[in-house]
Structure formats: C-alpha cells, structure tokens
Amino acid sequence: MEYDVVIVGTGLAGLTTGLLLTEKGYRVLMIEAKPFVGGRTASWDEEGMLVESGFHRVIGYYKHLPSILKKAGINLNKIVAWEDVMDFRSPRKGEVTTFGMAPVHGPIKLLKGTFGNNDTISYKDKWSLFPFYMKGLMDYLKKPDQLDRVSVEEYAKKCQVTDNAYHLVLVPLTSGIFFLPPEKFSAYVFFGLMAPSFPRFYKMRMGAYLGGLSEIMSEPMANVIRNQGGEIITNSKVTQLINENNEVKGVITRAGEYRAKQTVLATEIYAAQNLVKRSNIEHECFNNFLNLKTMSAVSLQIDLDEPSMPYDRTTFGAGTAMASFAEQSRTTFRHVPGRLSVILSPASKFIDMDQGDILKTVIQDAKKLGLNIEEHIIDYRVIKHPNEFYSLETDQDWMRPEQDTPIKGLTLAGDYTKTSNFATMESAVESGELAAKIVCEELEDF
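My aim in this report is to walk through the structure given alongside it, one point at a time. This one's a predicted model, so the numbers in the text were calculated from it and none came from an experiment.

1. Regarding the overall build of the protein chain
- Across its full length, the protein chain holds 14 helices and 19 strands.
- Here the protein chain has a C-alpha radius of gyration of 22 Å; the compact-globule value for 446 residues is 22 Å, and the two agree.
- Oriented by its inertia axes, the alpha-carbon framework of the protein chain measures out at about 65 × 50 × 40 Å.
- Among the 446 residues that make up the protein chain, the fraction classed as buried is 60%.

This is the structure:
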C-alpha cells in the first residue's frame, strides 16, 4: 500500500503534522523508533520507575500548543497546575529568592518579588537588569543578526549587569532553561524566548503538568490520529529514506519499505541529519542544516520517601549543577511521596558520566542549596538525550532550515526548523503546523 504521507518520528512536531493531515482525510503512516510515542514529550516505565523524558513546564503565552491540544480534545487548563512565582536558590546567599512572573494572575506576588528580596538581590542588582532586558528586546527586534553573535554573558557585561544579578538570575536562567551557560548562550535566542511575553503579558505564568506527558498529551493525540484513519508503528527504526534521483519516495526500515507521495522528517535534529546523509540527498540547501550544531540534555529523577520541598514550584539553582528543578509529587508524579526532578548543566559534563556519580553530584549540590535528600532517596533514574537539541549557542540560529525543501517529496518538521519560537514545545507544534500546510499544498498539486 502506498500512503499519502509517511511521518518519521512521533514527537510533538510529528504528532501535530499527523493530526492535521489525518483531519484532512489523507492516508498517513507514522513510524517511531521507540516503544512509545511522544519523543521528548513522553513518559514511561523505566525498569519499575515512572519517568519522563525531562523536567517539563508550559508557558502561559503559548498559542500553538493550546490550539493543537484543543483539536485533540485536550483542555490545557485541565492538565496543568499554573504557577505565578518561581524560586532562585543560591549557595552564595543561603536563601530562597522568590520572583512573581504573572502580572495579571499574580500581581501582588509580582510586586513583592520586585520590591522585596532585598537581602539577596538589592535594588541596584534589580535595576541593573532593567536596561539589560529593555535594550535586549529592542536589539532582538532591530538587530537580530548582530545580537545572535553575542553571548548573554557579553551582553550582560555591556549593559553593566551587577555580578550578583548575573550569578543569581542570568546564570541559572540560561542553564535551567536550555542547559547552556551564559558565556555560550546566544543573546538573540535568550531575548527571543521572552519576547512573546510582552504582547501577551496577560497570559504570562508557568504550568506544571498534572501527569506524565504520554498519559495526558502524546497518547491522546496519537489516539485521535488513529481514530481519523492514521496508522502508527512503534519500535521500528527508519534506516534510510527512499531516494530516487534526488526525489524522496518513502522510507526503509528493518521490516521493509513504506512508500508515500510525501515524507515528513520529524525526528530530533541529530537523527534527521544522519538520515539525510545516509540517504545521499544532495542539495546546497542542506549545507547549513547539516552543519547546525547539536547539544545534549541530561535530567535526574529521584523518588523520595517525603517531598524534597514544601511545594511544587519551578526552582533555579544558582552556582550548582542543578540548573532547574522541582518537587513533582503533588503534580506530575502523585503516586510517590516525593519526586525531585532536576535538569543538569552543563549537559556536556554529565552526558558520559556514570549514573552513580551524577547522583552524588546532585546530593552534594542539593545540600548547598538547603535540600537534604540523601537519607530519603528510594530510587532514581538518569535520562540522557545525546545530541537531540539544536544548539542555542551564538551564531547558530540563522542555520535553522525551513520546513519546505527543494527535494521533491521531502518536508522537515521539528523545533530545530525555522519558526518564530526557539527549541520549545511551542516551536515543535508550530513546525508541525507549517509542515502539514506544505504537505497539503503538495498533495493537492500531485
């Protein structure tokens, strides 16, 4: 059987593409290498312990993600516990600094965070951040190319951000959001991640998911695709694209060939780059894409016999490997007494490190931040994603490819492709929407 579309990968980009195409009535086959759908938005049983692909949060100003979830019959507000504040812990000060982030949903908390916390971050520190953010957002709009060649560290020095504000706020923000220290993090990407919050300030807040992402998001989306006539195969790795005279006609797996009028490559970046190379697809448009750097991510998830903190809240760990973390036993993992989920930074340090050594590092750093977890650990898992993200380093963003390619039959989808967002769930969904539109246009002309 020849399909209208074969989609390689069932992460959020692939699921979005599949949902929109099956909604149009196209014959769609989705192929996933892992035993479950979801990609980096998945949860599963890891040798007896329920884990996630990482430590996940949703931002209130997202537009594309809520829209595609609504199409799948999922109300975002029913699967998320919204947060109006976030915490910063630092061994330098030995205290927890709480900042409000929801001007409409939590205005009092925002004011308290702004005019309070003076023992840990002074008015001088706070004021030094104001021109940094304002000038950065202006340069994001007016000088994007120049800004992409400057790191957050360089930009902070240029704007005379104080040493304390830099270490307490900017270091954990860059490391906690995308695993990179500020000396590598592109200032363009940093301000681009925040830019959507200004026109949609009334939506600004952060949300913790009320369950594993496979349970509340990925599988429900996959079920809609199946109900709309789509097929999904898991545990099947695509080894090559069918390339006939530089035209893609489908994919090859260990189980055989699957031919289609259109193929959508919706894997993470490293797998997509390798498939293009192995399939001998040649065109100058892929030069930048194949040279786009990748970066890894590592998270540690620990089951405890009691909660690590008195609330489930996004927390940043300044001056430690615990870039961002949260207690999740009241939200995502309510079946255990305590669950501490940690994003580790820099990921390059931990990607090849022994799991036991990673745990020891986190135990030591947690103690520096006032969290004594060692005697309460029941079990733990380290989740590694080698080379699965496109790099947010300086002078990389311009290399992101468009979804549309000059190769007949081939479309790209994934947060590494060019969207108005950066390496987030929002970006993945947006890329899937754009890919689906391109494929529809191609099929109509077929």
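2. Comments concerning the pairing of strand β14 (residues 294-304)
- Burial within β14 is extensive, with 10 of its 11 residues counted as buried.
- As defined by bridge partners, β14 adjoins strand β17 (residues 338-344) across 6 bridges and the pair is classed as antiparallel. Opposite Gln-301, over in β17, you have Ser-341 as the bridge partner.

3. What about helix α13 (residues 355-368)?
- If you check α13, its first and last C-alpha atoms are 20 Å apart, about what 14 residues at 1.5 Å a residue would give, namely 20 Å.
- The complete set of buried residues in α13 reads Ile-358, Leu-359, Thr-361, Val-362, Ile-363, Asp-365 and Ala-366.
- In this structure Asp-354 caps α13, since a side-chain oxygen of it lies 2.9 Å from the backbone nitrogen of Gly-356.
- The positive-phi residue at the C-terminal boundary of α13 is Gly-370, with phi of around 90 degrees.

4. As for the sheet that holds strand β15 (residues 315-317)
- Strands sit in the order β8-β7-β15-β16-β17-β14-β18 across an open sheet of 7 strands; the sheet is mixed. With partners counted over all chains shown, the strands left at the sheet margins are β8 (95-100) and β18 (377-390), one partner each. The mean angle between the axes of side-by-side strands here comes to 20 degrees, regardless of whether they run parallel or antiparallel.
- One ladder, built from 2 bridges, connects β15 with strand β16 (residues 322-327); its direction is antiparallel. The partner of Thr-315 across the bridge, within β16, is Phe-325.

5. Section: the nonpolar core
- The biggest cluster of nonpolar side chains holds 141 residues, and the ones touching the most others in it are Leu-65, Phe-132, Val-169, Leu-170, Phe-191, Tyr-209 and Met-221.
- Excluding residues that lie within four positions of it along the chain, Met-221 makes contacts with Leu-12, Leu-15, Thr-16, Leu-19, Ile-68, Leu-69, Ala-72 and Ile-74.
- Among the nonpolar cores identified, the runner-up in size contains 6 residues, and Ala-42, Trp-44, Met-49 and Val-51 belong to it.

Conventions used here
Residues numbered from 1 in each chain as written. Predicted model: local features only at pLDDT ≥ 70, side-chain atom pairs only at ≥ 80, totals over all residues. Heavy atoms only, no water. Helix = DSSP H or I, 4+ residues; strand = E, 2+ residues; numbered from the N terminus. Rg over C-alpha atoms; globule rule 2.2 N^0.38 Å. Buried < 20%, exposed > 50% of the residue type's maximum accessible area, 1.4 Å probe, protein only. Pairing = 2+ DSSP bridges. Expected span 1.5 Å × (residues − 1). Polar contact = N/O pair within 3.5 Å; in protein donor to acceptor, adjacent residues only side chain to side chain. Axes fitted to C-alpha atoms, helices over the stretch in contact; angles between N-to-C directions. Core = buried A, V, L, I, M, F, W, Y, C linked by side-chain atoms within 4.5 Å. Contact = heavy atoms within 4.5 Å.

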